[in-house]
Amino acid sequence: MTPDSTDEDLREALALGAETVPGTWSEPVPLSHRPELPGFPTHVFPDWLAQYVTAVAEETQTPPDLAGALALSVLAAAAGGCTVVQVRGRWREPTNLFVVVALGPANRKSAVFSAMTGPLYEAEKLLVVEAAGRIVEAELTAKMAQEAADKAAAKAASADGPEKDGLVAEAVGLAQTAESLTVPARPRLLADDATPEVIATLLAEQGGRLAVMSAEGGIFGIIAGRYSGTANMEVFLKGHAGDRLRVDRRSREEYVDAPALTMGLAVQPAVLEDIGKNRGFDGRGLLARFLYALPESLVGYRKISPDPVPEPVAARYEHNVTTLTLSLAAWTDPAVLQLTTEADGALKTFEHRIEPQLRAKGGRLGHVGKWAGKLIGVTARIAGLLHLAEHLDGAYGKPVSDATMTAAIELAEYFTDHALTVFDLMGADATQARARALVEVLAANGWESVSRRDLFAKLSRSEFPTVADLEPAVALLEEHGYLRIETPPRSGKRGRPPAPRYHIHPQVREGQV
């Protein structure tokens, strides 16, 4: 077997291993084998969006995953903070997302970012023009109010006698009026690799709505404390969850009641490996908030003269994204998107399927429980975004359909398969890490066979605190053909069952794997 082996090759090799007669061994299947990941399901998007994503991928000769994942980020930037999905009871999900695509260098990430985010910048310009008059008026009003308050204060300070109390009261009232006036901030939809402090300030100024979009991975270094020396994740953690955020300013303290921060990033795979080593990211749950895509690079297989994006397809995308962004920009209270009974049923069915997979022991998603525990909520968020894209005019007046929820679930399954591989890349799969450590011990001792007790005695307690921690790693090695487990028969009905014994593959004993 090689790292390029397919899932079919893996199943065949494991099957052959199971069928091999005692005393003979088949080639072990490498622990580094990774299954082929699914391609991005572009068909789940409405036609106008699917056509543009496909066309951008063709023109730039990049995997559709890049444009597709960014399309979700663009929808979230347009709708985040302005819409929420009513799941059930008091459970509501905002429609902002954290998405990261991992692609190596020379994959034209900047070109795809420009193509996908362009309409957001145009919408931002239009919002700035529309707000210019209000900002000038507010600045003038605030200036005049402050001048009036200053004059009243000076007059009260120089007064004497019975009229002083009245002048002081008037000055206090004018000062309070001046203090209460605020000048609207210049509209801002997007930020790049800004510091956490700047992002918090922008969120406060923009009413809790902001998107960080970057074709580089520098934001992770900034979060980790590149400039400040200490990690600062609060704005990202609360910005994703919608938890109240406090922003300290020089003149006053502000609260963002329901921040909705969106992130759309493209990084090199090595960046994910590096951040996986930062226990602070994982410990605080930042990594669990991202949707991950790990597509295959097309470098070396690209067309030299690809078809450009058709002008009508580009124009329709730009118009629809701009229209959606502007139509929601004026909402101060978020629009609530309801689910149809059928959509709620589809989400519950998916939830019933995912829940057993979260079990720490034996669950497919147990080792990424922090991430997978958010999967149902994220699926509801995606469904809300797909609903908005499908119904650009008055989506809040229509419930989310069963078909839309089914499409969201398909996207959730795509991101789940990719997340499992990404978290493996970041070293989150403890079973696989322990299996590799176990192979080293088996090779170092050269056993032909060994009892569980003798093997456990040779293992580091930091990696294998209990025998229960040993068993999943042994099972993985047996599955991949590194060893065979033999459980001796009981000698009687009473007492503990006999402990298993492990027969080791000759290549492991000889250090050839």
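Please read these numbers as outputs of a predicted model, since none were measured by experiment.

A. How the structure looks around the overall build of the protein chain. Within the protein chain, the secondary structure is distributed over 19 helices and 13 strands. Here the protein chain holds 513 residues, and 46% of them are scored as buried. A separation of at least 24 residues holds for 74% of the contacts in the protein chain among residues at least 6 apart in sequence. Accessible surface computed for the protein chain: about 25400 Å², of which carbon and sulfur atoms make up 52%.

B. Up close: the side chain of T95. By the secondary structure assignment, T95 is in the loop between β2 (91-94) and β3 (98-102). In this structure T95 comes out as buried when scored by relative accessible area, which is 0%. At 3.4 Å, the side chain of T95 forms a polar contact with the backbone oxygen of A79. Here the side chain of T95 touches T83 through a polar contact of 2.7 Å, side chain to side chain. When sequence neighbours within four positions are dropped, the list of residues in contact with T95 reads A76, A79, G80, T83, V85, R381 and L385.

C. Summary view of the environment of V267. Examined against the element boundaries, V267 turns out to sit in strand β8 (residues 260-267). Residue class for V267 comes out buried when judged on its relative accessible area of 1%. Residues V267 and S214, spaced 53 residues apart in sequence, show a C-alpha to C-alpha distance of 8.7 Å. With near-sequence residues (within four places) excluded, V267 lies in contact with V100, V101, A102, L103, E216, G217, F220 and L272.

D. Structural detail: helix α15 (residues 402-425). Here α15 spans 35 Å end to end across 24 residues, near enough to the 34 Å set by a 1.5 Å rise per residue. Summarising burial for α15: 18 of the 24 residues are buried, a large majority.

What counts as what
Residues numbered from 1 in each chain as written. Predicted model: local features only at pLDDT ≥ 70, side-chain atom pairs only at ≥ 80, totals over all residues. Heavy atoms only, no water. Helix = DSSP H or I, 4+ residues; strand = E, 2+ residues; numbered from the N terminus. Buried < 20%, exposed > 50% of the residue type's maximum accessible area, 1.4 Å probe, protein only. Contact = heavy atoms within 4.5 Å. Areas by Shrake-Rupley, 256 points an atom, 1.4 Å probe, with all protein chains shown as cover. Polar contact = N/O pair within 3.5 Å; in protein donor to acceptor, adjacent residues only side chain to side chain. Expected span 1.5 Å × (residues − 1).

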